[in-house]
Amino acid sequence: MQQIILQPQTPDELRLVKQFAKVMKIKATTVKETPKARKKREILDGIERGLAEIKLHQKGKITLKTAQQVLDEL
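**Notes on the overall build of the protein chain**
Phase 1 of the analysis: A tally of helices and strands in the protein chain yields 3 helices and 0 strands.
Phase 2 of the analysis: For 74 residues, the compact-globule formula gives about 11 Å, and the C-alpha radius of gyration of the protein chain, at 19 Å, lies well above that figure.
Phase 3 of the analysis: Principal axes of the C-alpha set define a box for the protein chain whose edges measure 55 × 30 × 25 Å.
Phase 4 of the analysis: Counting over 74 residues, the protein chain shows a buried share of 3%.
Phase 5 of the analysis: Split by element, the accessible area of the protein chain, about 7700 Å² in all, is 59% carbon and sulfur.
Phase 6 of the analysis: Taking the 16 positively charged and 9 negatively charged side chains of the protein chain as two groups, their mean positions are separated by 11 Å.

Right, dumping it as structure tokens:
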């Protein structure tokens, strides 16, 4: 059988996922995320979001700021 890993972002989301698993009689295990693992996940999520923005820019759907515009904001 396949596994699905869900990462709820709020306590409400976690509660909802647990309730759904219980109603559907799906075996579910909760694993606490360590601070190191959380930081790694946040970094990887940021990279993925950046890559998605680049792909949208390449398709012409969004425009990105130039390096000069970013530096001017600082």
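**Regarding the confidence of the model for the protein chain**
The predicted coordinates should not be examined in detail at positions where pLDDT is low.
Phase 1 of the analysis: Taken residue by residue, the protein chain gives an average pLDDT of 92. The fraction at 70 or more is 100%.
Phase 2 of the analysis: Per-element averaging of pLDDT across the protein chain places helix α3 (residues 67-73) at the bottom with 92 and helix α1 (residues 11-23) at the top with 95.

**Points about the environment of I26**
Phase 1 of the analysis: As for its placement among the helices and strands, I26 is situated in the loop between α1 and α2 (35-58).
Phase 2 of the analysis: We classify I26 as partly exposed; its relative accessible area is 45%.
Phase 3 of the analysis: In contact with I26, not counting residues within four places along its chain, are F20 and A21.

**Quick look at the pattern of salt bridges**
Phase 1 of the analysis: If you walk through the whole model with that rule in mind, you get 5 salt bridges.
Phase 2 of the analysis: Between R41 and D45 there is a salt bridge, and its shortest N-O distance comes to 3.5 Å. With R41 and D45 both in helix α2, this residue pair falls 4 residues apart, about one helical turn.
Phase 3 of the analysis: Residue R41 is classed as buried on the basis of its relative accessible area, which comes to 12%.
Phase 4 of the analysis: Notably, a salt bridge pairs K65 with E73, separated by 2.4 Å at the nearest N-O pair. Both residues of the pair, K65 and E73, belong to the exposed class.

**A short note on the environment of A67**
Phase 1 of the analysis: Tracing the backbone shows A67 in helix α3.
Phase 2 of the analysis: Since its relative accessible area comes to 58%, A67 is described here as exposed.
Phase 3 of the analysis: Spatially, the C-alpha atoms of A67 and E53 are 15 Å apart, while their sequence positions differ by 14 residues.

Analysis parameters
For every chain, the first residue of the written sequence is number 1, and numbering continues from 1 along that sequence. Note on the predicted model: pLDDT of at least 70 is required for a residue's local features to be given, and 80 or more for side-chain atom pairs to be given and counted; whole-chain, interface and lining totals, by contrast, use all residues. Each side-chain value is worked out from all heavy atoms of the structure, with water and hydrogens disregarded. Only runs of H or I of at least four residues qualify as helices and only runs of E of at least two qualify as strands under DSSP, and these elements are numbered from the N terminus. Using C-alpha atoms as the atom set, the radius of gyration is obtained and then compared with a globule rule of 2.2 Å times the number of residues to the power 0.38. Accessibility here uses a 1.4 Å probe with only protein chains present; expressed as a share of the type maximum, an area under 20% marks a residue as buried, one over 50% as exposed, and anything in between as partly exposed. For the area figures, the Shrake-Rupley method with a 1.4 Å probe applies, and any residue is considered shielded solely by the protein chains shown. All tallies of charge rest on Lys and Arg as positive and Asp and Glu as negative; His and the ends of each chain are not included. All charge positions are set by atom: Lys at NZ, Arg at CZ, Asp at CG, Glu at CD. Each residue carries a pLDDT score, the predictor's own confidence in it, on a scale running from 0 to 100. Contacts: residue pairs with any heavy atoms within 4.5 Å of one another. Counted as salt bridges are all cases of a side-chain nitrogen of Lys or Arg within 4 Å of a carboxyl oxygen of Asp or Glu.

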